[in-house]
Amino acid sequence: DAMVIQNPRYQVTQFGKPVTLSCSQTLNHNVMYWYQQKSSQAPKLLFHYYDKDFNNEADTPDNFQSRRPNTSFCFLDIRSPGLGDAAMYLCATSRDSRGSDGYTFGSGTRLTVV
Amino acid sequence: ILNVEQSPQSLHVQEGDSTNFTCSFPSSNFYALHWYRWETAKSPEALFVMTLNGDEKKKGRISATLNTKEGYSYLYIKGSQPEDSATYLCALNYGGSQGNLIFGKGTKLSVKP
């Protein structure tokens, strides 16, 4: 089945130690998104790629970076994780930039910072 | 700043009860409203995408309505079952040049056998 896969499901990292979360898709969708959901909060968009075009949300901290080496993969890099970065990170895809056909989500990576 | 509100935050019902939740959103700049069901350790599953004022959609025991003029959507579950236990998220696509979703915080439903 075509899908969006996130690895790992759970990630524990040390305060200040760089960490990378990965997302892959078999849908051949043009757009890939990264959302952050902190406890009891709404998922919040960090950034997205339309093909190779990177779009950062204005309030996304500089500590968060992303890479999309090809259509299938997108990575979220946190350069120096702080305790406040502990959250669920969701990856999503859509065929076009307006989400006309809807969005497909991965099952998320829950990040713990110790 | 666009804000999507969901109520209640959590809900506990008995098996067989019918229930409903609310999603409210700014009525301007509306493009589409999405409902997702998110079970623990799984991906958010798309339930409905609603675009037209007055839309009513149904999927089994779950249905949804949309009022874009007053800015709200209702999700109904008829005869709740334990497997309906999940967090129900609504998300507004306000039709900007990029299809970013603005999510609510969700309604967490627990159905007791």
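Residues numbered from 1 in each chain as written. Chains lettered and ligands numbered in written order. Predicted model: local features only at pLDDT ≥ 70, side-chain atom pairs only at ≥ 80, totals over all residues. Heavy atoms only, no water.

Colleague: How would you sum up the pairing of strand 4 (residues 31-37) of chain A? Please name residues and give values.
Modeller: All names here are of chain A. For strand 4, the buried fraction is high: seven of the seven residues fall into the buried class. Alternating positions in strand 4 separate into two faces, Val31, Tyr33, Tyr35 and Gln37 on one and Met32, Trp34 and Gln36 on the other, with burial throughout. With six bridges joining them, strand 4 and strand 5 (residues 44-50) adopt antiparallel strand pairing. Of the residues in strand 5, the one forming a bridge with Trp34 is Phe47. (Buried < 20%, exposed > 50% of the residue type's maximum accessible area, 1.4 Å probe, protein only. Helix = DSSP H or I, 4+ residues; strand = E, 2+ residues; numbered from the N terminus. Pairing = 2+ DSSP bridges.)

Colleague: Report on the environment of Ser24(B), specifying residues and quantitative values.
Modeller: Residues and elements named next belong to chain B. In this fold, Ser24 is placed in strand 3 (residues 19-24). For the pair Ser24 and Pro82, spaced 58 residues apart in sequence, the C-alpha separation works out to 26 Å. In this view, Ser24 contacts Asn3, Val4, Glu5, Gly71 and Tyr72; residues no more than four positions away in its chain are not counted. (Contact = heavy atoms within 4.5 Å.)

Colleague: Explain the pattern of salt bridges to me, and be specific about the residues and the numbers.
Modeller: One pass over the full model with this rule turns up eight salt bridges over all chains. In this structure, the salt-bridge partner of Lys44(A) is Asp59(A), at a minimum N-O distance of 3.1 Å. Of this pair, Lys44(A) sits in strand 5 while Asp59(A) sits in the loop between strand 6 (53-56) and strand 7 (64-67); the two residues are 15 residues apart in sequence, bridging distant segments of the chain. With relative accessibility at 51%, the residue Asp59(A) sits in the exposed group. Note that Glu39(B) is salt-bridged to Lys42(B), the shortest N-O span being 3.8 Å. Looking at Lys42(B), the relative accessible area reads 45%, which means it is partly exposed. (Salt bridge = Lys/Arg side-chain N within 4 Å of Asp/Glu carboxyl O.)

Colleague: Provide a residue-level description of the pairing of strand 11 (residues 109-113) of chain A, including the pertinent values.
Modeller: Residues and elements named next belong to chain A. The alternating pattern of strand 11 places Thr109, Leu111 and Val113 on a buried face, while none of Arg110 and Thr112, on the opposite face, is buried. Here strand 2 (residues 10-13) pairs with strand 11 via four bridges, running parallel. Residue pairing for strand 11: Thr13 is matched across the bridge by Val113.

Colleague: Give a description of the side chain of Ser73(B) that names residues and reports values.
Modeller: All names here are of chain B. Structurally, Ser73 is set in strand 8 (residues 72-77). Exposure remark for Ser73: the relative accessible area of 0% places this residue in the buried category. Separated by 2.7 Å, the side chain of Ser73 and the backbone oxygen of Thr65 make a polar contact. With residues up to four places along the chain from it excluded, the contact list for Ser73 reads Phe21, Thr22, Cys23, Phe25, Leu33, Trp35, Met50, Thr65 and Leu66. (Polar contact = N/O pair within 3.5 Å; in protein donor to acceptor, adjacent residues only side chain to side chain.)

Colleague: Which residues make up the interface of chain A and chain B, and what values do they have?
Modeller: How big an interface is tends to be expressed through the accessible area that disappears when the partners come together. Listed per partner, the contact involves 23 residues of chain A and 20 residues of chain B. Both faces combined, the contact of chain A with chain B buries some 1800 Å², and carbon together with sulfur accounts for 53% of it. Together, Arg98(A), Tyr103(A) and Phe105(A) form the three largest contributors to the area buried by chain A at its contact with chain B, with a combined 33%. Where chain A meets chain B, there are zero salt bridges. There are six residue pairs in polar contact (both at pLDDT 80 or more) connecting chain A and chain B. Here the side of chain A that touches chain B takes three residues from strand 4 of chain A, the largest share from any one element. (Buried area = accessible area lost by both parts, 1.4 Å probe.)

Colleague: Please give an account of the sheet that holds strand 8 of chain B that cites residues and values.
Modeller: Residues and elements named next belong to chain B. Pairing within the open sheet is antiparallel, and its five strands lie in the order 1-3-8-7-6. Each edge of the open sheet is held by one strand with a lone partner, namely strand 1 (5-7) and strand 6 (56-59). Looking at each pair of strands side by side, their axes are set apart by 15 degrees on average, direction ignored. (Axes fitted to C-alpha atoms, helices over the stretch in contact; angles between N-to-C directions.)

Colleague: Talk me through the environment of Asp55(B); I want residue IDs and the actual numbers.
Modeller: Residue and element names in this part refer to chain B. Within the secondary structure layout, Asp55 lies in the loop between strand 5 (45-50) and strand 6. A residue is classified by how much of its surface remains accessible, and Asp55, at 15% relative accessible area, is buried. Separated by 24 residues in the primary sequence, Asp55 and Tyr31 place their C-alpha atoms 13 Å from one another. Other than its neighbours up to four places away in sequence, Asp55 contacts Met50, Ala64, Thr65 and Leu66.

Colleague: Can you tell me about the sheet that holds strand 1 (residues 4-7) of chain A, naming the residues and giving the values?
Modeller: Residues and elements named next belong to chain A. Strands sit in the order 1-3-8-7 across an open sheet of four strands; the sheet is antiparallel. Two strands close off the open sheet at either side, each with one partner strand: strand 1 and strand 7. If you compare each strand with its neighbour and ignore which way they point, the axes differ by 20 degrees on average. Here four bridges tie strand 7 to strand 8 (residues 73-78), and the two strands are oriented antiparallel to one another. Note that in strand 8 the partner of Arg67 across the bridge is Phe75.

Geometric values such as these leave the question of function open.
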